[in-house]
Amino acid sequence: MVINFMQEKYNPKKIELYAQRYWDKTAAFKAAEIPGKQKYYCLSMFPYPSGKLHMGHVRNYTIGDLLSRYHRMLGFNVLQPMGWDAFGLPAENAAIQNKVPPAQWTYDNIAYMRKQLQSLGLAIDWNRELATCKPNYYRWNQWLFLRMLEKGIAYKKTQVVNWDPVDQTVLANEQVVDRRGWRTGALIEKREIPGYYLRITEYAEELLSDLDKLPGWPERVKTMQANWIGKSFGVEITFPADATSNTPQALKVFTTRADTLLGVTYMAVAAEHPIALHAAKYNRDLATFIVKCKHNAAKEAEFAAQEKEGMATGLFVVHPLTGSKLPIWVSNYVLMGYGEGAVMAVPAHDERDFEFAKKYNLPIKQVISEPIGSPLNPYFEFSMKQWKNWYSSKDGVCTNSGKYDGLKFQVTVDAIASDLSALGLGNKRTQFRLRDWGISRQRYWGCPIPLVHCDTCGVVSVPDEQLPIVLPEDLVPDGSGNPLASTPSFYVCDCPQCGKLARRETDTMDTFVDSSWYYIRYACSDQDKAATDARTNYWLPVDQYIGGIEHAILHLLYSRFWSKVMHNLKLVKFDEPFANLLTQGMVLNEIYFRKTETGRITYFNPVDVDIQTDDQGKRSGGILRADDQPVEFGGVGTMSKSKNNGIDPQKLVDKYGADTARLFIMFASPPEQTLEWADTGVDGAFRFLNRLWKQVYNHLQQTIDPRINNNLSTELKSLRFKLHHTIAKVGDDLGRRHTFNTAIASVMELMNTLTKVHDSDATSHSLIQEALENIVLLLSPIVPHICHALWRELKPGTELLDQPWPKVDNAALVQDEIEMVVQVNGRLRGQIRVAKNAECATIERIALDNNQVQKYVAGYEVKKVVVVPGRLVNIVI
RNA sequence: GCCCCGAUAGCCCAAUGGCAGAGGCGCAUGGUUUAGAACCAUGUCAGUGUAGGUUCGAAUCCUACUCGGGGUACCA
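Just so we're clear, the structure is a prediction, and the values are computed from it rather than from any experiment.

Calculation criteria
Residues numbered from 1 in each chain as written. Chains lettered and ligands numbered in written order. Predicted model: local features only at pLDDT ≥ 70, side-chain atom pairs only at ≥ 80, totals over all residues. Heavy atoms only, no water. pLDDT = per-residue confidence, 0-100. Helix = DSSP H or I, 4+ residues; strand = E, 2+ residues; numbered from the N terminus. Expected span 1.5 Å × (residues − 1). Contact = heavy atoms within 4.5 Å. Buried < 20%, exposed > 50% of the residue type's maximum accessible area, 1.4 Å probe, protein only. Phe/Tyr/Trp six-rings, centres within 6.5 Å; stacked < 30°, edge-to-face > 60°. Core = buried A, V, L, I, M, F, W, Y, C linked by side-chain atoms within 4.5 Å. Pairing = 2+ DSSP bridges. Axes fitted to C-alpha atoms, helices over the stretch in contact; angles between N-to-C directions. Parallel < 35°, antiparallel > 145°, perpendicular 65-115°, else oblique. Left-handed = near helix turned anticlockwise from the far one by under 90°. Polar contact = N/O pair within 3.5 Å; in protein donor to acceptor, adjacent residues only side chain to side chain.

Asks: Help me get a handle on the confidence of the model for chain A, residues and values and all.
Replies: For chain A, the mean per-residue pLDDT works out to 92, and 97% of the residues sit at or above 70. Across the assembled chains, the prediction reports ipTM 0.96 with pTM 0.95.

Asks: Can you lay out helix H1 (residues 12–25) for me, pointing to particular residues and giving the numbers?
Replies: Compared with the 20 Å implied by 1.5 Å per residue over 14 residues, the 19 Å span of H1 between its first and last C-alpha is a close match. Looking at the buried side of H1, the elements it contacts are helix H2 (55–73), helix H18 (650–656), helix H19 (658–668), helix H20 (682–701) and helix H24 (784–794). Positioned one or two residues after H1, Ala27 has a phi angle of 45 degrees, which is positive.

Asks: So what's going on with unusual backbone geometry? Which residues, and what values?
Replies: A cis amide bond links Leu467 to the next residue, Pro468, at an omega of -5 degrees. Inspection of the secondary structure assignment puts Pro468 in the loop between strand S20 (458–461) and helix H13 (488–491). With an omega of 0 degrees, the peptide bond running from Leu540 to Pro541 counts as cis. Along the chain, the position of Pro541 falls in the loop between helix H16 (534–539) and strand S24 (544–548). Here the phi dihedral of Asn361 falls at roughly 55 degrees; this positive angle occurs in a residue that is not glycine. Structurally, Asn361 is set in the loop between helix H11 (351–359) and helix H12 (409–423). A positive phi is found at Asn644, a non-glycine position, where the angle reads about 50 degrees.

Asks: Describe helix H22 (residues 740–756), with residues and values.
Replies: Here H22 spans 25 Å end to end across 17 residues, near enough to the 24 Å set by a 1.5 Å rise per residue. Taken residue by residue, H22 has Phe740, Asn741, Ala743, Ile744, Ser746, Val747, Met748, Leu750, Met751 and Leu754 as its buried positions. At its buried positions, H22 is contacted by H2, strand S25 (581–584), H19, H20, helix H21 (714–737) and helix H23 (762–779).

Asks: Describe in detail the packing of aromatic side chains, supporting the description with residues and values.
Replies: For the coordinates displayed, the defined rule picks out 36 aromatic pairs. Judged by centre distance (6.2 Å) and plane angle (70 degrees), the rings of Trp437 and Phe561 are edge-to-face. With Trp437 in strand S17 (residues 437–438) and Phe561 in helix H17 (residues 554–568), this residue pair connects regions lying 124 residues apart in the sequence. As far as the burial class goes, Trp437 and Phe561 line up, both buried.

Asks: Give me the nonpolar core: which residues, what numbers.
Replies: Core analysis: the largest hydrophobic core is formed by 170 residues, its most contacted members being Tyr518 and Ile786. Per-element accounting of this core gives the leading share, 9 residues, to H23. Once you skip the residues sitting within four places of it in the chain, Tyr518 turns out to touch Leu43, Ser44, Met45, Phe46, Leu130, Tyr137, Tyr545 and His555. Membership of the second largest hydrophobic core comes to 38 residues, among which are Leu251, Leu326, Met344 and Leu420.

Asks: Tell me about the pairing of strand S14 (residues 325–331), and please be specific about residues and values.
Replies: Where burial is concerned, most of S14 is hidden: 6 out of the 7 residues are buried. When strand S12 (residues 266–269) meets S14, the two strands line up parallel, connected through 3 bridges. Residue pairing across strands places Val269 opposite Val330, the latter belonging to S14. Summarising the sheet, strand S13 (residues 310–318) and S14 pair through 6 bridges and their orientation is antiparallel. Each residue of the ladder has a partner; that of Val317, found in S14, is Leu326.

Asks: Before we move on, can you summarise the packing of H19 against H20 with the specific residues and values?
Replies: At a minimum axis distance of 9 Å, the contact between H19 and H20 shows a crossing angle of 120 degrees. Comparing their axes, H20 and H19 come out oblique. Considering how the two elements wind past one another, H19 and H20 form a crossing that is right-handed. Residues Asp659, Thr660, Leu663 and Phe664 of H19 touch H20, and the partners they reach there are Val682, Ala685, Phe686, Phe688 and Leu689.

Asks: Go over the side chain of Thr583 with me, naming the residues and quoting the values.
Replies: If you trace the backbone, Thr583 turns up in strand S25. Polar side-chain contacts of Thr583 include one of 3.3 Å to the side chain of Glu672.

Now the structure itself:
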């Protein structure tokens, strides 16, 4: 039965449903391994099933779908899968609030969001769908973890966590606001507990150098990763204990500025440093200070921004070169977890040391003079009062440094390192900022760590054949700790080694583990005998990965690490998982909230708030319509569940259809750019689709006269020029530039031209047919439903999905004459028309002869003429 | 604090070192309409966040700053 859709009015609801049914019925997007056919694995980052889609998802998945469909038209064997990053904290928070098990909440959300995704008409192979909270997925997390344990990649040590003393539970960084628990308002303590780590630092060098193997990644992402890994070259220096004070041990530090060694005036150690703890035994004030430091911010952002504080220990070390006595201070700006937990302080050349020294009246000694090559300038005078940026420059020479005076940075470092080495007090060393990856979480809704604690045997791995350790799905956390730890049916077990009663590990894995290899599992999601199989080597690596820029460091670095580990375990052939990466900018929206006296924060969705502005027209706050009371404005930020500022695309899809939603979000801005949400313009996108529909409808109403005139009128010639120019432009925008907004704009432009063409005879009619067919093809990756319907009308008996990407007819692009711009001293002064392939000398002469130009040039000497072929002439006088 | 990114018309954005305007929104006027909506047509507005520099030529490259966003290792 053929349903006639070609009604005068565009009816998105009907055609979208019909197109989706057709794709479904024909299994159009089922991907099969076809040896010899070039594959294109296009992957959008899988969503966390937070409840509803938001515009950020629509943006992400439309980009992926567009690229998938475009590559299918180019002839690739395309795989576009989808799944769910289904473990995580929000499910537990929802459980606490609604008293519903996280599993149920998660599965409900998945069901709803899957429906939403399907309504967007994405070309996804749903057969490969996976959810990380299902045992058939996380079983292989467990299996891989055990392999890493065997190889020594996974190991146990202590970790620092946020402890909420009221709820008696560990909090995530996000749940700590201004150093207080977000539910209880209690002051959070840092606590040390045991946990499991993965030795990502072993791979630091490889993760850094292999960035060069990724030309398809944005530079900004590679820069961020390189900075995060943070390879630095420096010197490890030992400061011997001072014999005249009761200092128990020498202090070891690492510094990248050994050239400033003669400027050291004190030493600073972390509150947890053994020497600090030793000193505190004899000093009550110091002990109090160290306890206070337990409440220091655990987050780096807050830690680094906090007011610097410290206290002298009364202990001393001696300078390795001069032998002078240096006091040891405990300070809150040194991290125990980084380097040696101690630093040599050079207040004259380090801004943090400078600030600290000034606060506590510690000496400041200048040992670097002004940058080389700088003019003698009072600006470069060293000031004890105010920090200047050149103090930390490596471009100066040593001063006040005895035999090193006058030497440059690298020469000094080399000399000092070798002098220290001779004394046995120092060596050159390479250091990474990157730390090992702690994967233990004291939480319920995550992948169980497959270990058993036995009084006799210690920590025992669960044998492979007993995997998976299944997470019970019926528990409801109440905010007071991990319910697994109080569920005997989970934790009581037999020791796999000796058979005695033992206790199962109740910590679960970081959800970044789940997302570190899901892209591999898509290739073989139905494989229940192994983590991977031969199919992974057909599809992997991912040809195009698309996701938010917020994942630039952690998720992408962990995934790279994980795939390198799997490569070394001989499970996969590739060692970089994502060949090309497109990082989409965040979709932002306003944030509104209220804070209670205890510090608890509630967020309100912007759609429920009336915005207020201040005198300068800036957003300052709002009124919640529900209760007419004010709410605070928290700036604009990423759409997210936790900030309650997501915009559900459903209303948009219901009112205008998925094609309009897709078109609008792609048209709004280039994908890599941050986008502040505003729905003005949706009407414009809808209007355009209506115009397209009407154009095709009107065209098809015309009866066709079979006689065709081969001599095209100027109007038709320029239409064909425009058409093929647009085909070239859209291909370039979609495939190379990834600027989908300009691709759409150029098709709109073509449409505007087309509307004005008179459909007066067979020639114009057939040209309009050619244009319309191509417009439908060019738009089809972006708005596939309307194009599916229109194609059937334009070319009855054929299907859009079988069509290749249109080819540019170069003959249509031939132009005899082109227009060029003439500048005089860089300012636009005239226009000239020249033959397409005119010589530079000819162009120059025509330009100089031009009347407009002569007005400016006459009477002056022409010093130089710059001719840019095809563009402009610049006459310099 | 540190690392990364951004700023162009009332708004979203284009200009791939070479004419600041392609496209869209909004607004205005006209047409159409009993009226409105819708639709069609025409028109409308900036010298590119600020201050310097490189260049024949800078929105684009460089430096500093301001504001905004992302990340900052347990949000995902």
